[in-house]
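Given next are the chains, with one letter for each unit.
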Amino acid sequence: MLRKLEQADIDALYELEQKNFPTSYYSKTQLLQMLLEEAYSMYGIEEENTLLGYAIFLNSIDCQEIMKIAVKEENRRQGLATKLLEMEKRRPILLEVRESNTEAQEFYKRHGFQEIYVRKQYYHDNGENAIILEKK
């Protein structure tokens, strides 16, 4: 089932966030603040009361930004990330992705995103570049 996330989802959301982004995960407090802020849209996809994936979107004045999309490793390649991505329709939509994360880059390019810029040494944990992608 695909639905908006709520405060009651915080523990499952935080656990999945840590597993998917071990060096750049949001704290539980940050995630809770996002759930409460109107500027963020957060969706989850679950099966049998287990959170399988989630998406966090930031609704800016002039664009939509994908903050995170993540799916449990054992549930990948089943179309779940695509369903989460399709929850927000505003355009343009932007995101950053690690230069080394070619799997994510390919996923977004299959869904109509184009590389528009490279932010040098963007990620603080290892100085890696960020690829900026956009869909108009």
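Our subject in this report is the structure included herewith. Only a predicted model underlies this, so the values are computations on that prediction, with no experimental measurement involved.

1. Describing the environment of M87
In this structure, M87 sits in the loop between α3 (80–85) and β5 (93–98). Remark: the alpha-carbon pair of M87 and L2, spanning 85 residues in sequence, is separated by 9.1 Å. Setting aside residues no more than four positions away along its own chain, M87 makes contact with L2 and Y43.

2. A closer look at the layout of surface pockets
Reported here for the largest pocket is a volume of approximately 1100 Å³. Around the largest pocket, the lining comprises 37 residues; the ones closest to its centre are F21, I69, N101, A104 and Y108. Secondary structure elements with two or more residues in the lining of the largest pocket: β4 (64–71), α3, β5 and α4 (102–110). A class-by-class count of the residues in the lining of the largest pocket yields 18 nonpolar, ten polar and nine charged.

3. Focus: unusual backbone geometry
With an omega dihedral of 0 degrees, the bond running from R91 to P92 counts as a cis peptide bond. Assignment of secondary structure puts P92 in the loop between α3 and β5. Residues other than glycine seldom take positive phi values, yet N49 does so here, at roughly 60 degrees. If you trace the backbone, N49 turns up in the loop between β2 (40–47) and β3 (50–59). N49 sits in the exposed class, given a relative accessible area of 74%.

4. Topic: helix α2 (residues 28–36)
Turning to α2, its buried residues are L31, M34 and L35. For α2, the angular spread of the buried residues around the axis is 100 degrees, confining them to a single face. Across α2 from its buried face, at more than 90 degrees, point the exposed residues T29 and L36.

5. A word on the sheet that holds β3
Here seven strands make up an open sheet; going across it, the order is β1-β2-β3-β4-β5-β7-β6 and the pairing mixed. Both outer strands of the open sheet, β1 (2–4) and β6 (114–119), are each paired with one neighbouring strand and no more. If you compare each strand with its neighbour and ignore which way they point, the axes differ by 30 degrees on average. With three bridges connecting them, β1 and β2 associate as antiparallel partners. Each bridged residue has a counterpart across the sheet, and for R3 the counterpart in β2 is G44. Docked against the sheet, helix α1 (residues 10–20) engages β2, β3 and β4, running at close to 85 degrees with respect to β3. Most of the contacts of α2 go to β2, to which it runs at about 105 degrees, and overall it touches β2 and β3.

About the criteria used
- Residues numbered from 1 in each chain as written.
- Predicted model: local features only at pLDDT ≥ 70, side-chain atom pairs only at ≥ 80, totals over all residues.
- Heavy atoms only, no water.
- Helix = DSSP H or I, 4+ residues; strand = E, 2+ residues; numbered from the N terminus.
- Contact = heavy atoms within 4.5 Å.
- 1 Å grid on protein atoms, 1.4 Å probe; cavity = no way out; pocket = protein on both sides within 12 Å on 5 of 7 lines; lining within 4 Å.
- Points joined across faces, edges and corners; volume = space filled by probe spheres on them.
- Nonpolar A, V, L, I, M, F, W, Y, C, P; charged D, E, K, R; others polar.
- Buried < 20%, exposed > 50% of the residue type's maximum accessible area, 1.4 Å probe, protein only.
- Arc of directions from axis to C-beta.
- Pairing = 2+ DSSP bridges.
- Axes fitted to C-alpha atoms, helices over the stretch in contact; angles between N-to-C directions.

On their own, these measurements won't tell you what the molecule is for.
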